[in-house]
Amino acid sequence: MKFRDLELEKQLLDNIDNLRYSEMTKIQESVIPVVLNGNDVLVKAQTGSGKTASYLVPIINSLSQSKTRNTIKAVILVPTRDLVNQVYDSFEKLSVGTDLTACKIMGGIDKQTQKDEIKERPDIIIAVTGRFKEFMSIDLMSFKNVEFFVLDEVDKMLDLGFRSDILFIFQEIKKQTYNFNTLMLSATLPNNIMELSTNFLKEDYVKIDLEEEMVINDLVQQKFLVMHKSHTLTALLKLVRENNVRTIIFANQIQQCSKIESLIRYLGVAVASINGDRTQSYRDNVIKDFKDNRLSVLVATDLLSRGIDIKDLDLVINLGLPEQLETYMHRIGRVGRAKTAGRAVTICTLEEKEKLNKLVETYHLKAKIIEKESWAKPANENVKGINNLYYNK
């Protein structure tokens, strides 16, 4: 189905054409008409499926037709600052030529600057939960004209402990206006999400479950290297040097990021790392440099595993399996977006073999698992063979 098949505002359609979004993705084809029809929705869709546009397109279309101005008409809550930026960037591209405005509310930005922007009465607020709730407490915002309330990556927000905050925010908005639509989007729909949804959605809401289980694009080639812990960094550096492509490396601990960054920089590779301890401005600049090809390798914690869209990404490397198996699916979702090819290599320790088997079984992964007898022994830097850790041999 094409976007032109929908009765959207001409300016919005022109913007969609300029972005070369001709055919709708599966989620967009399922969600957009339902939201345009005025229904609440509960959506399950895998990462990289076009989720952001699936709610921004109908919101922009509806608000473009609204005669109400200079008031908040949509509130979009997301789990991380980086996703705030991602959604905001998408909004800016889709709203060109309209008079709609948006404001970002998140940590890492001067509070007074954000307060001044709120006083300008934007149409859309895109925010992380904590800072948004803080600003609500000082009576900066009116919600009497809110038409849309969006919870994006709601499963992640629950993981981060924001359940009480999002319930509080929803109830405060509901006190001022009842006639608004709620859109809940999640990569998974476990029992806690279904339970939570009863607090937000109208009885006639539409549930859209596009996948019975989380799956990875078939064009993404996956490999797992199993080895003694002392071999892992050597294997990682070999992968970076041998491939020489745009790469995201996921580390499980903040402390690992800087160490990996230093080792890769020693190879003469343009690299930077980001994690939750970095300032927002630093993270924004690093992601921009990576998107603009000024960096070849980006090292990150799982704060980058959701929502971030990096075009033409060639390779994801995991240094260890994540604590939650589901997070692996989100990490790998950074490659192969919009049905493009990509590669993913995960470096596992011998202690992670049981967890690896569970991952492969749970998600029916079509992956190559490589073990070598020499990798099971502790690395000896004086042994010449340690430099022969090629993942494709």
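Everything here concerns the structure above.
Every value quoted in this text rests on a predicted model; they were computed, and no experiment measured them.

### Description of the sheet that holds strand E13 (residues 342-349)
Reasoning step 1: Strand order in the open sheet formed by seven strands is E10-E11-E9-E12-E13-E8-E14, with parallel pairing between adjacent strands. Strands at the two margins of the open sheet, each flanked by one partner only, are strand E10 (271-274) and strand E14 (367-371). Between one strand axis and the next, the sheet turns through 15° on average, direction left out of account.
Reasoning step 2: Here E10 pairs with strand E11 (residues 297-300) via four bridges, running parallel. When the bridges of E11 are listed, Val 271 appears paired with Val 297.
Reasoning step 3: Helix H12 (residues 280-291) contacts strand E9 (247-251), E10 and E11 of the sheet and is inclined by roughly 140° relative to E10.

### A word on the layout of surface pockets
Space left empty within the atom packing is revealed by a probe, the size of a water molecule, rolled over the atoms.
Reasoning step 1: Considered as a void within the structure, the second largest pocket measures approximately 830 Å³ in volume.
Reasoning step 2: For the lining of the second largest pocket, the secondary structure elements donating two or more residues are helix H6 (129-136), helix H7 (154-159), helix H9 (191-197), helix H13 (325-332) and helix H14 (353-363).
Reasoning step 3: Looking at the lining of the second largest pocket element by element, the count peaks at five residues for H13.
Reasoning step 4: Partitioning the lining of the second largest pocket into residue classes produces twelve nonpolar, 13 polar and twelve charged.

### Topic: helix H5 (residues 111-119)
Reasoning step 1: The opening residue of H5, the one whose side-chain oxygen lies 3.3 Å from the backbone nitrogen of Gln 112, is Asp 110.
Reasoning step 2: Positive phi appears at Arg 121, one or two residues downstream of H5, with a value of about 60°.

### Regarding the sheet that holds strand E6 (residues 181-186)
Reasoning step 1: Reading across the sheet, the seven strands line up as E3-E4-E2-E5-E6-E1-E7 and stay open at both edges, with parallel pairing between neighbours. Bordering the open sheet on either side are strand E3 (102-105) and strand E7 (206-209), each of which pairs with just one other strand. With strand direction ignored, the average angle separating the axes of adjacent strands in the sheet is 10°.
Reasoning step 2: Strand direction decides the pairing type here: E3 and strand E4 (residues 124-128), joined by four bridges, are parallel. Within E4, the position partnered with Ile 105 by the bridge is Ala 127.

Calculation rules
- Residues numbered from 1 in each chain as written.
- Predicted model: local features only at pLDDT ≥ 70, side-chain atom pairs only at ≥ 80, totals over all residues.
- Heavy atoms only, no water.
- Pairing = 2+ DSSP bridges.
- Helix = DSSP H or I, 4+ residues; strand = E, 2+ residues; numbered from the N terminus.
- Axes fitted to C-alpha atoms, helices over the stretch in contact; angles between N-to-C directions.
- Contact = heavy atoms within 4.5 Å.
- 1 Å grid on protein atoms, 1.4 Å probe; cavity = no way out; pocket = protein on both sides within 12 Å on 5 of 7 lines; lining within 4 Å.
- Points joined across faces, edges and corners; volume = space filled by probe spheres on them.
- Nonpolar A, V, L, I, M, F, W, Y, C, P; charged D, E, K, R; others polar.
- Polar contact = N/O pair within 3.5 Å; in protein donor to acceptor, adjacent residues only side chain to side chain.

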